[in-house]
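Secondary and tertiary structure notes
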Amino acid sequence: MSTITETILDTTFKKDVFNGLTANPKYLYSKYIYDKRGDKLFRDIMALDEYYLTDSEFEILSFHTEAISELFRGNGKGMDLIELGAGDGKKTKVLLSYLSKNYYDFVYKPIDISENAIDLLTANLQHELPKVQVDAEIGEYFEVLERLKQFNSRKKVIMLLGSNIGNLLHPRAIDFLSRLKETMNAGDLVFMGFDQKKDPQTILNAYNDPKGVTAEFNKNLLHRINSEMNANFDTGKFKHWEVYDPETGTAKSYLVATEKMVVNIEALDLTVHFDPWETIHTEISQKYDDKVVQWLAEESGLAIVTSFSDSKNYYKDFVFC
Ligand code: AVJ
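Residues numbered from 1 in each chain as written. Predicted model: local features only at pLDDT ≥ 70, side-chain atom pairs only at ≥ 80, totals over all residues.

Some points on the site of the ligand
All residues in the neighbourhood of the ligand are listed as Ile45, Leu53, Gly162, Ser163, Asn164, Gly166, Asn167, Tyr207, Thr214, Phe217, Glu283 and Ser285. Elements that contribute at least two residues to the shell around the ligand include exactly helix 11 (213-229) and strand 12 (279-286). For the shell around the ligand, the residue count by class is four nonpolar, seven polar and one charged. (Near = placed C-beta within 6 Å. Helix = DSSP H or I, 4+ residues; strand = E, 2+ residues; numbered from the N terminus. Nonpolar A, V, L, I, M, F, W, Y, C, P; charged D, E, K, R; others polar.)

A word on the packing of helix 3 (residues 36-46) against helix 11
The geometry of helix 3 relative to helix 11 is characterised by a closest axis approach of 9 Å and an angle of 165° between their N-to-C directions. Classified by the angle their axes make, helix 3 and helix 11 are roughly antiparallel. Note on packing geometry: the crossing formed by helix 3 with helix 11 is left-handed. On the side of helix 3, the interface is formed by Arg37, Gly38, Leu41, Phe42, Asp44 and Ile45, while helix 11 contributes Val213, Thr214, Glu216, Phe217, Asn220 and His223. (Axes fitted to C-alpha atoms, helices over the stretch in contact; angles between N-to-C directions. Parallel < 35°, antiparallel > 145°, perpendicular 65-115°, else oblique. Left-handed = near helix turned anticlockwise from the far one by under 90°. Contact = placed C-beta atoms within 7 Å.)

Some thoughts on the packing of helix 4 (residues 52-63) against helix 6 (residues 90-101)
Interhelical geometry of helix 4 versus helix 6 gives an angle of 0° and a closest axis separation of 9 Å. Between helix 4 and helix 6, the crossing angle belongs to the class labelled roughly parallel. Touching Glu57, Phe58, Leu61 and Ser62 of helix 4 are Lys91, Val94 and Leu95, all from helix 6. In terms of residue class, the contact of helix 4 with helix 6 is made up of four nonpolar, one polar and two charged.

Some remarks on the pairing of strand 14 (residues 315-320)
Burial analysis of strand 14 places five of its six residues in the buried class, the great majority of the element. Judged from the six bridges that link them, strand 7 (residues 189-195) and strand 14 form a sheet pairing that is antiparallel. Paired with Phe191 across the strands is Val319, a residue of strand 14. Looking at chain direction, strand 13 (residues 304-309) and strand 14 are connected through five bridges and run antiparallel. Counterpart to Ser307 in the pairing with strand 14 is Phe318. (Buried ≥ 20, exposed ≤ 12 C-beta atoms within 10 Å, placed from the backbone. Pairing = 2+ DSSP bridges.)

Points about the sheet that holds strand 8 (residues 238-245)
What the four strands build is an open sheet, ordered 1-12-9-8; its pairing is mixed. Each having just a single partner strand, strand 1 (26-27) and strand 8 make up the two edges of the open sheet. Here strand 8 pairs with strand 9 (residues 250-257) via eight bridges, running antiparallel. Opposite Phe238, over in strand 9, you have Ala257 as the bridge partner. Lying over the sheet, helix 11 contacts strand 8, strand 9 and strand 12, oriented at roughly 115° with respect to strand 8.

What about the confidence of the model for the protein?
Model confidence for the protein is summarised by a mean pLDDT of 94, while 98% of its residues fall at 70 or above. Our summary of model confidence lists the complex with pTM equal to 0.94 and ipTM equal to 0.99. (pLDDT = per-residue confidence, 0-100.)

Some remarks on helix 12 (residues 290-300)
The complete set of buried residues in helix 12 reads Val293, Leu296, Ala297 and Ser300. Buried residues of helix 12, seen end-on, are gathered within an arc of 100° and therefore sit on one face of the element. Exposed residues on helix 12 whose side chains face more than 90 degrees from its buried face are Lys291 and Glu298. Turning to helix 12, the residues buried within the fold contact helix 9 (170-182), strand 7, strand 13 and strand 14. With its phi angle positive at about 80°, Gly301 sits one or two positions after the end of helix 12. (Arc of directions from axis to C-beta.)

Okay, structure coming up:
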């Protein structure tokens, strides 16, 4: 890379876009979907009938509130409930409400890199559950977790809902879980959602809704590059495409160029050529079975304490220590 290129690529977002669109085959990371518009589109996805993940996990948390809360009970010195990537907190509120009504001594610590998301959530909780003590942190997950490790007298429960782990292929998931394990002390727990393997058609429908919300969500990557890097992607000329491999459990999203195109990204000083039907790989949404979760846990030094499932066995929340 020349020095000029290095000065232009002054953010990780720019570097990642440059690397992804000059690679063969092309790719972009799904984490960049989530700006304000992307957050809104994801909330719209969660409200879709086809997107069963949210309802399934909501059912688990509602049906097993007491059993889950019992696992979270502290050792007499209080508990920190740390949520990574909290979003709008709709599912978490079920637990928070129960925990606060039953006089658990706990602090809810949502962690997110989006200041916007944290502000919305904190204001909402202040209004709806004023008794819950909220201590939000804006930052990278591990930065915050490493800081919290020193307060080892309080029990920590680290929660990751929504099958967000599914955005990582297994080797990166193992890396992530191993790093979580390193920030845990004896008695601490991880509470994590894993979307399950099921009828492949159900999975494809969840990522291919007829209203096209998921397509818009996927294309938000191109919208963001257009507005933040002064590019001229014609988003109407890309097609959202989803594939699911029932053997590996990997769902993959693509944006497919429907014709030959030349795109300029001014801020990167880059011209990108697309052949007709050339792809940009944008997202992984991994689906799991018990064997795979068991293997991921073992590889990461975690032990499975228990798991909770919805009535259709579409989704599972696992507890690790
Ligand atoms: C938020 C990563 C769990 O992969 O199911 C929804 C994002 N992508 N529809 C998922 C998403 C397309 C979602 N996660």
